[in-house]
Amino acid sequence: MAANDETPDRRAYWPEVIRLTLTLLAIWFAVSFGAGILLRGFLDQFHIGGAPLGFWFAQNGSIYVFVILIFYYCAAMNRLEKKYRIEG
Amino acid sequence: MDWTIFWVAATFATYFGIAIWARAGSTNDFYVAGHGVHPVVNGMATAADWMSAASFLSMAGLIAGMGYGGSVYLMGWTGGYVLLALLLAPFLREFGKFTVPDFVGDRYYSDTARIVAVICALFVSFTYIAGQMSGVGIAFSRFLGVDFNTGIFAGMGIVFVYAVLGGMKGVTYTQVAQYVVLIFAYTVPAIFISLMLTGNPVPQLGFLSNLKGEEISMLHKLDLTVQDLGFTSYLSSTKSNLDIFCITAALMFGTAGLPHVIIRFFTVPRAADARLSAGWALVFIALLYTVAPAVGAFSRLNVISTVNETTYVTPGEDYAAKAAALEAAGERASPAWFENWEITTLVAFDDKNGDGKMQIRGPAAPDGLENEVTINNDIAVLANPEIAKLPDWVIGLVVAGGLAAALSTAAGLLMVIASAISHDLCRRTFFRSMSDKAELRVARLAAAGAVVAAGFMGIYSAQLAFVAQVVAFAFGLAAASLFPVILLGIFWKRMNREGAIAAMLAGLIPTFAYIWHFKIGAGKAAGPDQWLFGVSPEGIGFVFMISSILIGVAVSLLTQPPPQDIQDLVEDLRVPGTRRPHGPGDAAMPPAE
């Protein structure tokens, strides 16, 4: 069909976006609701510096991960848009 | 006092100067700053827009009092930005209009849906803005010796100038200046307190460190200290895990659904800039939010160790002489800052057992003594510079920072209120043939009217019961009524007009009724056993958000699918740069380039 350097089928773009979004939301859930709330009791037996780990995720750690998630999303979306030759 | 006046005057003059420089020439300038704001600049403006007087002054103290329980605010008010970046902001920017009701009305091809969205946006924003204005009044009356109402009038005056003249353009650039003021005022004292207690200048690391010269970590020492005095453990909470889960979720989804946050992402040039901008916003927010738990913990420990069991020095006594005399007698004098802050009534001492000493005790104190010291949440931030023995000019800066936080949030909310009236109601619903020039005049008029209304709500905030429940109302309603229809509008093509109206009402009405009943109405005294599934009014927005989504989906499936051109519109939103006009909404008002 098409040559290699041609734009891949755009219909595949949205499912890829959805996959990326769901993956990142799973991490978003895991570090806040998971580590900070549901698994806190278990994680608190470990320590990061002088803070129990679950407590730290709830008060500091999850926020750092949130920031990383958004910037990773930006980079991954830019890559996807390049792949599908989408110019916003 | 003199330094406070200096900083407040200097910052107000700066905001005024920016207002003159950034005047709006068109509705495009007025509503979305001409879609021309750089993503990093918008990130900074969003951070100031987002962080209110409560974030700046009260949150650290709230966490200090609640310990682990305070985590709901930390995760809840930051995690929403992940949702904004991944699920809403870039797509709404691609949609290319001015307001949240613009999206709801056009996507659901219905003026009824538009008006329901306007009602949600107005209620959320008015609740929120009244709290900001009363915060301004309190700051003025406590620290500048001005009357509460005069303080609100001063705040109204300054917001009037930059919001009415400059619209979103003026608001954006003043918010950038306000961010700089507030982050400086917050972090500088925190760095010195951290150094003083732990020897580490980075508060986030001091939070994890041992106390200076001791073998025990700061947090464990704090936990032992509060438990010895009969408080609950700092590292756990009395709330159920389910309730903590629901409150955190309601705050996250509420953040993502708040109109004054969403419209900030309309000001950047492209969809890609919108998601990048959300990342920068969270960086700037995290600078304060990761410091806040450290400030809270440091201040709780500090207050207990410097106040508890000290001998009270009555205001008016010669402090230095009295302190020296007490020291000679082997006793400790109450700290000087306590005396200074008593004037503002933020701290108080009531010598219940008549021994002249200040006892701090929790509800389950092992020695059975009563608590004699009350300390307002805001003290954790306000008294920090004095506790760290920083120069007077830093203390004045903290008050200017609190005002910057309140005014920047108020301005963002004003833009939502003004555009809801001039754009969504006038231009899009009732007077469709209005010219751009006429709309701009109405927008300025609406902004002016909203400033006055907000000021009066601030003045009468003590009488308006819902103002004190802003956390429950604003976030709960944004999560349950606005978030579901925006989300489904982007990610589910089949969502139609009937489903959207049903979803918004199914979120709005029960959430409002539940919060009203348990916070203001007959159920005020009720405990967790009477709550629905044991979920508090602060967390109920999440429960009704789920039901709103389910009802919206069910009603959509039972009614006609949306017209083809609306489905095409949704396709276009998902792929940046492909937006073409579709449907009746775009015929009435074409999207931006």
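Analysis parameters
- Residues numbered from 1 in each chain as written.
- Chains lettered and ligands numbered in written order.
- Predicted model: local features only at pLDDT ≥ 70, side-chain atom pairs only at ≥ 80, totals over all residues.
- Contact = placed C-beta atoms within 7 Å.
- Helix = DSSP H or I, 4+ residues; strand = E, 2+ residues; numbered from the N terminus.
- Nonpolar A, V, L, I, M, F, W, Y, C, P; charged D, E, K, R; others polar.
- pLDDT = per-residue confidence, 0-100.
- Axes fitted to C-alpha atoms, helices over the stretch in contact; angles between N-to-C directions.
- Parallel < 35°, antiparallel > 145°, perpendicular 65-115°, else oblique.
- Left-handed = near helix turned anticlockwise from the far one by under 90°.
- Buried ≥ 20, exposed ≤ 12 C-beta atoms within 10 Å, placed from the backbone.
- Domains from an automatic or database assignment.

Here's the deal with the interface of chain B and chain A
Then step 1. Contacts between the two partners involve 41 residues from chain B, matched on the other side by 35 residues from chain A.
Then step 2. Only helix 5 (71-95), helix 10 (218-228), helix 11 (241-257) and helix 13 (271-289) of chain B provide two or more residues apiece to the side of chain B that touches chain A.
Then step 3. Across the side of chain B that touches chain A, the residue classes break down as 25 nonpolar, 13 polar and three charged.

Observations regarding the confidence of the model for chain B
Residues and elements named next belong to chain B.
Then step 1. Of the residues in chain B, 99% reach a pLDDT of 70 or more, and the chain-wide mean stands at 89.
Then step 2. Here helix 18 (residues 384-387) stands out as the least confident element of chain B, with mean pLDDT 82; helix 23 (residues 540-558) is the most confident, with 96.
Then step 3. Among the scores for the predicted complex, ipTM is 0.93 and pTM is 0.92.

Points about the packing of helix 8 (residues 148-198) of chain B against helix 19 (residues 392-430) of chain B
All names here are of chain B.
Then step 1. Closest axis-to-axis distance for the helix 8/helix 19 pair is 6 Å, and the angle between their directions is 140 degrees. When the axes of helix 8 and helix 19 are compared, the pair comes out oblique. Once helix 8 is placed against helix 19, the crossing between them reads as left-handed.
Then step 2. Each residue belonging to the contact of helix 8 with helix 19 can be placed in one class, and the counts come to 24 nonpolar, seven polar and no charged.

Let's talk about helix 6 (residues 100-107) of chain B
Residue and element names in this part refer to chain B.
Then step 1. Counting buried residues in helix 6 gives eight out of eight residues, a clear majority hidden from the surface.
Then step 2. Restricting attention to buried positions, one finds in helix 6 the residues Val 100, Pro 101, Asp 102, Phe 103, Val 104, Gly 105, Asp 106 and Arg 107.
Then step 3. Just past helix 6, the residue Tyr 109 takes up positive phi, approximately 40 degrees.

Some details on the domain arrangement of chain B
Residue and element names in this part refer to chain B.
Then step 1. You can read the domains of chain B as domain 1 (2-298 + 392-588) and domain 2 (303-375).
Then step 2. Placing the centre of domain 1 and that of domain 2 at their C-alpha centroids yields a distance of 38 Å.
Then step 3. In this assembly, six residues from domain 1 lie in contact with nine residues from domain 2.
Then step 4. Of the residues belonging to the side of domain 1 that touches domain 2, the class tally is three nonpolar, two polar and one charged.

Focus: the environment of Phe66(A)
Then step 1. Tracing the backbone through its elements, the reader meets Phe66(A) in helix 3 (residues 53-83).
Then step 2. Along the primary structure Phe66(A) and Phe29(A) are separated by 37 residues, whereas in three dimensions their C-alpha atoms are 10.0 Å apart.
Then step 3. Those residues in contact with Phe66(A) that sit more than four places away from it in its chain are Trp28(A), Thr78(B), Gly79(B), Tyr81(B), Val82(B) and Leu282(B).

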